[in-house]
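Structural description and commentary
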Amino acid sequence: MNSIDLDITSENQVRNVEKQLTSNEISEWLHQGSGFKWSCPETQSLLVFGYGSLVWLPKFAFHNREVGYVHGFVRRFWQGNISHRGVPGSPGRVVTLVPDDKGVTWGVTFHLKGKKQIEAALRHLVTREMINGGYEMRTAKFYGHRTYDILTFVAMPDNAHYLGPAPVETVAATIVNSRGRSGHNLEYIFNLIDTLRREAPQGVDNHLTSLEE
Ligand SMILES: N[C@@H](CCC(=O)N[C@@H](CS)C(=O)NCC(=O)O)C(=O)O
């Protein structure tokens, strides 16, 4: 697939990169994901796990949603962002999943049903998460009413926007002082904390709690 130039140096270029992908490009992104296999072609269903803004702002149609968790990851504000909660030269911080054998991350799995709904959701997600956000497709096990194979989007350390670990004070200061096209970075973390506290009160996340204090 022809790579889309992500040499973003100005707000205008950030806007330009929000291009819609063709169906062929979507299917190429789908199969480009690490070992991602198009799940359940016969039932035409796909499960997408959200653990950051997708929890409170999916912006795509879905059949239903289920609260649960993935094992072997922790949620960290280690991904920089200039397309929603920051601007070029002054990135905000959004969350990604970081491997941790003992880690448990609570979030929401969205059940997509039928080719039309799946393609529309992936068109949105590939643009929002991958083209603009620096995330990649990963598959994992989701534990809800049952155990499912899910697709999720993870920002890996080698992506252009990655900021990585920093003292909690530094992460908090970035969030307090960042704003982008979708609003303040504080709105991002407060919406995430409020939604998780309401829907998954059993899922204590020490990283979020440490930033809230
Ligand atoms: N992939 C994570 C994180 C997604 C995320 O937070 N993406 C950001 C940056 S691309 C976003 O879409 N933000 C929208 C907003 O801040 O309103 C999830 O599953 O929720």
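Residues numbered from 1 in each chain as written. Predicted model: local features only at pLDDT ≥ 70, side-chain atom pairs only at ≥ 80, totals over all residues. Heavy atoms only, no water.

Considering the overall build of the chain
Quick reminder of the rule: Each helix is a run of H or I in the DSSP string that is no shorter than four residues. Each strand is a run of E no shorter than two, and both are numbered from the N terminus. Exposed residues in this analysis have more than 50% of their type's maximum accessible area, buried residues have under 20%, and partly exposed residues fall in between, with area computed by a 1.4 Å probe over protein chains only. Contacts: residue pairs with any heavy atoms within 4.5 Å of one another. Per-residue and other accessible areas were derived by the Shrake-Rupley procedure at a 1.4 Å probe size, with only the shown protein chains allowed to occlude residues.
Scanning the chain from terminus to terminus reveals seven helices and seven strands. Order of helices (α) and strands (β) in the chain, N terminus to C terminus: α-α-β-α-β-β-α-β-β-α-β-β-α-α. Every one of the 213 residues in the chain was classed for burial, and the buried ones make up 49%. Here the analysis covers contacts within the chain between residues at least 6 apart in sequence; of these, 73% occur between residues at least 24 apart. In the structure as shown, the chain presents an accessible area of about 10500 Å², 53% of it carried by carbon and sulfur atoms.

So, the site of the ligand
The test is simple: Neighbouring residues are identified by heavy atoms, a residue being near a molecule or strand if any of them is within 4 Å of it. Counting of polar contacts relies on pairs of N or O atoms within 3.5 Å, with two restrictions inside protein: one atom must be capable of donating a hydrogen and the other of accepting it, and residues adjacent in sequence are counted only when both atoms are side-chain atoms. For this scheme, ten residues count as nonpolar: Ala, Val, Leu, Ile, Met, Phe, Trp, Tyr, Cys and Pro. Four count as charged, namely Asp, Glu, Lys and Arg, and the remainder, Gly too, count as polar.
Around the ligand, the structure places 18 residues, and the nearest of them are Gly52, Arg85, Arg128, Glu129 and Tyr188. Interatomic distance of 3.1 Å between a backbone N/O atom of Leu54 and an oxygen atom of the ligand. Burial of the ligand by the protein amounts to 99% of the accessible area it has alone, namely 510 Å². When residues of the shell around the ligand are traced back to their parent elements, those giving at least two are β1 (45-50), α3 (53-56) and α4 (115-131). Here the residues of the shell around the ligand sort into eight nonpolar, seven polar and three charged.

A word on the sheet that holds strand β4 (residues 135-143)
Test applied: Being paired, for any two strands, means DSSP has found at least two bridges between them. The convention used is that axes are lines fitted to C-alpha atoms, helices contributing only their stretch in contact, and that angles between N-to-C directions extend from 0 to 180 degrees.
Strand order in the closed barrel made by the five strands is β1-β3-β2-β4-β5, with mixed pairing throughout. Pairs of neighbouring strands in the sheet enclose a mean axial angle of 40°, with direction left out of account. For β1 and strand β5 (residues 147-155), the ladder comprises two bridges, and the chain directions are parallel. When the bridges of β5 are listed, Val48 appears paired with Leu151. Contacts between α4 and the sheet are confined to β1, β3 (92-113), β4 and β5, with β3 contributing the most and set at about 150° to the helix.

Considering unusual backbone geometry
For Lys59, which is not a glycine, the phi torsion comes out positive at approximately 65°. Inspection of the secondary structure puts Lys59 in the loop between α3 and β2 (64-81).

Digging into helix α6 (residues 185-199)
Just so we agree on the cut-off: Helix span, as expected, comes to 1.5 Å for every residue beyond the first.
With 15 residues, α6 should reach 21 Å at 1.5 Å per residue; the first-to-last C-alpha distance of 21 Å fits that figure. Within α6, burial applies to Asn185, Tyr188, Ile189, Leu192, Ile193, Thr195 and Leu196.

What to know about the confidence of the model for the chain
For the record, the criterion: One number per residue, pLDDT, summarises how confident the predictor is, and it ranges from 0 to 100.
When pLDDT is averaged along the chain, the result is 85; 80% of the residues meet or exceed 70. Taking the mean pLDDT of every element in the chain, the minimum, 40, falls on helix α1 (residues 11-16) and the maximum, 98, on strand β7 (residues 183-184). Across residues 1-19 the pLDDT falls below 50, and counting only partners more than four positions away or on other chains, this stretch makes 34 contacts in the model. pLDDT under 50 marks residues 33-38. Its contacts with residues more than four places away, or in other chains, come to 13 contacts. Of the two predicted TM-score estimates for the complex, the pTM is 0.86 and the ipTM is 0.97.

Concerning the packing of aromatic side chains
Let me state the cut-off plainly: Only rings of Phe, Tyr and Trp enter the pairing, Trp through its six-membered ring, and a pair is recorded when the two centres are within 6.5 Å. The plane angle decides the type: under 30 degrees is stacked, over 60 is edge-to-face, the rest tilted.
What the rule picks out here adds up to 10 aromatic pairs. Where Trp56 meets Tyr188, the ring centres are 5.9 Å apart and the plane angle is 85°; that geometry is what we call edge-to-face. Here Trp56, found in helix α3, pairs with Tyr188, found in helix α6; they are 132 residues apart in sequence, far enough to count as distant. For Trp56, a relative accessible area of 18% corresponds to the buried category. On the accessibility criterion, Tyr188 (4% relative accessible area) is buried. Measuring from centroid to centroid gives 6.3 Å for Phe60 and Phe62, while their planes differ by 75°, and the two rings are edge-to-face. Accessibility expressed as a relative area gives 29% for Phe62, which makes it partly exposed. Grouped by ring-pair contacts, the aromatic residues Phe49, Tyr51, Phe142 and Tyr148 constitute a single cluster.

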